[in-house]
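# Topology and contacts: notes
Next come the chains, spelled out residue by residue.
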Amino acid sequence: MTQLNSLGFAKPPRETRVVVAMSGGVDSSVVAAQLKEEGYDVIGVTLQLYDHGAALAKKGACCAGQDIHDARRVAEAMGFPHYVLDYENVFQEAVIDEFADAYLAGATPVPCIRCNERVKFKDLLETAKDLEADCMATGHYIQRMMGDAGPELHCATDANRDQSYFLFSTTPEQLDYLRFPLGHLPSKDETRKLAAKYGLVVADKPDSQDICFVPNGNYASVIEKLRPGAADPGEIVDMEGNVLGQHRGVIHYTIGQRRGLGIGGLGDPLYVVKLDPDARRVIVGPKEALSTRIIPVREINWLGDEPFTARTEWPVRVKVRSTRPPREAVIRPISATEAEVELLDPEEGVSPGQACVFYAPEGSRILGGGWIWRGRG
């Protein structure tokens, strides 16, 4: 029987073509360099996602002008071809416009998930197939493992780097084609050591922090540019509708926010519990009003072995924010793509527009996830 190579194919590396999605950062550069050194037929592809002029002035975000330059230098040094694809229009329509609309509707969107789902793992993956690649590799910290029913998605070994929250919408078909060579590494230090070993120019490059098209994390200024009038002032009201003060635009507030409301001296601290963009109102209430036990979830991508609707209840762990640990819950399917999630312990600050990601009750397997919405009530 022919032995499988490190990417899981029964042929020598030199006969295995792999497209590496290169952002210009250290992670994807190491993936490309490592696979090239192992003898694979590597092609690097970088997506230009938004305006270069603005991008060049900004450090620390992926897919910008400097990053394209860095990816190209890595490809030249390691001796493999590198292509830059202009995806500005696709990115604008599939990611930025929805981000602005969701934010204006009082949700807290996660554009990085939509970018993976609608651009990187859709159009870029199709490009990889057009290039007759056997698979596509990325620098994401997540693991793909073979299970009894096919490839499974698992958390990264390093919990601090794990990117499962941003990759829950990866479909079984995409998972079949994708590879994540860094997911098993114990820490980011190991990645940087590999970068130094390969002599990569990006070995000491800092990690990107912000959403690539949101300079300095200032969401509001981006939304104002995209949607003029979005920052119109309005009323801050309590849960009974009593006016407590004025705000400077709904887009400046998020669910769970306490500071910066400008309505001090009311005794107990108040938190933003709801945003009503249509009425231009910010609704505040006590901390307990933030507690949520039942979460409506839709657009579900299910990665379990049985069909999602095969059971009336699935005991799982769920994450409702990327920065929080998974907690015990029960999912009750309504259809193949909609469900009600009940948390065993209520969670504070559950916000429409965020993802709800499903994990197996034990172990590292990711069972998919969906998008939190307001429900029909």
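So, here is what we can say about the structure in this document. What you see is a predicted model, and the numbers here were worked out from it, not measured in a lab.

### Quick look at helix H3 (residues 65-78)
- With 14 residues, H3 should cover 20 Å at 1.5 Å per step; its first-to-last C-alpha distance of 20 Å lies within 8% of that length.
- Listing the buried residues of H3 in full gives Gly65, Asp67, Ile68, Asp70, Ala71, Val74, Ala75 and Met78.
- Backbone geometry just downstream of H3 places Gly79 in the positive-phi region, at approximately 75°.

### Topic: unusual backbone geometry
- Its identity as a non-glycine residue notwithstanding, Glu132 has a phi of 60°, on the positive side.
- Inspection of the secondary structure assignment puts Glu132 in the loop between helix H5 (111-130) and strand E4 (135-137).
- For Glu299, which is not a glycine, the phi torsion comes out positive at approximately 55°.
- Looking at the element boundaries, Glu299 is found in strand E12 (residues 291-302).
- Given a relative accessible area of 42%, Glu299 falls into the partly exposed group.

### So, the sheet that holds strand E11 (residues 281-285)
- Spatial ordering of the open sheet is given by E9-E8-E11-E10, a layout of four strands whose pairing is mixed. Every interior strand has two partners, whereas the edge strands, strand E9 (243-247) and strand E10 (271-276), have only one. Looking at each pair of strands side by side, their axes are set apart by 30° on average, direction ignored.
- By the bridge criterion, five bridges tie E10 to E11 in an arrangement that is antiparallel. Bridged to Leu275 within E11 is Val282.

### Regarding the packing of helix H1 (residues 26-37) against helix H8 (residues 188-197)
- Where H1 contacts H8, the two axes come as close as 9 Å, and the packing angle between them is 55°. Accordingly, the angle class assigned to the pair H1 and H8 is oblique. Handedness of the H1/H8 crossing: left-handed. Residue-level contacts link Val26, Asp27, Val30, Gln34 and Glu37 of H1 to Lys188, Thr191, Arg192, Leu194, Ala195 and Lys197 of H8.
- Of the residues in the contact of H1 with H8, the class split is four nonpolar, two polar and five charged.

Cut-offs and rules
- Per chain, the residues get numbers from 1 upward, laid out in the order the sequence is written.
- Whole-chain, interface and lining totals are the exception, using all residues; otherwise, since this is a predicted model, local features are given only for residues with pLDDT of at least 70 and side-chain atom pairs are given and counted only at 80 or more.
- The basis for the side-chain values is all heavy atoms of the structure; hydrogens and waters are excluded.
- Put simply, DSSP H or I for four residues or longer makes a helix, DSSP E for two residues or longer makes a strand, and each gets a number counted from the N terminus.
- Each helix should span, by expectation, one fewer than its residue count multiplied by 1.5 Å.
- Working definition: with a 1.4 Å probe on protein chains only, accessible area under 20% of the residue-type maximum means buried, over 50% means exposed, and in between means partly exposed.
- Note on pairing: two strands pair once DSSP finds at least 2 bridges between them.
- For every element, the axis is a line fit to its C-alpha atoms; helices are fit only across the contacting stretch, and the angle between N-to-C directions ranges from 0 to 180 degrees.
- Each angle gets one of four labels, with under 35 degrees taken as roughly parallel, over 145 as roughly antiparallel, 65 to 115 as roughly perpendicular, and the rest as oblique.
- In this scheme, a crossing is called left-handed if the near helix is turned counterclockwise away from the far one by less than a right angle; it is called right-handed if the turn is clockwise.
- Whether two residues are in contact is decided by their heavy atoms: any pair within 4.5 Å suffices.
- Nonpolar residues are Ala, Val, Leu, Ile, Met, Phe, Trp, Tyr, Cys and Pro. Charged residues are Asp, Glu, Lys and Arg, and all others, Gly as well, are polar.

Scope: geometric values only; no functional claims are made or implied.
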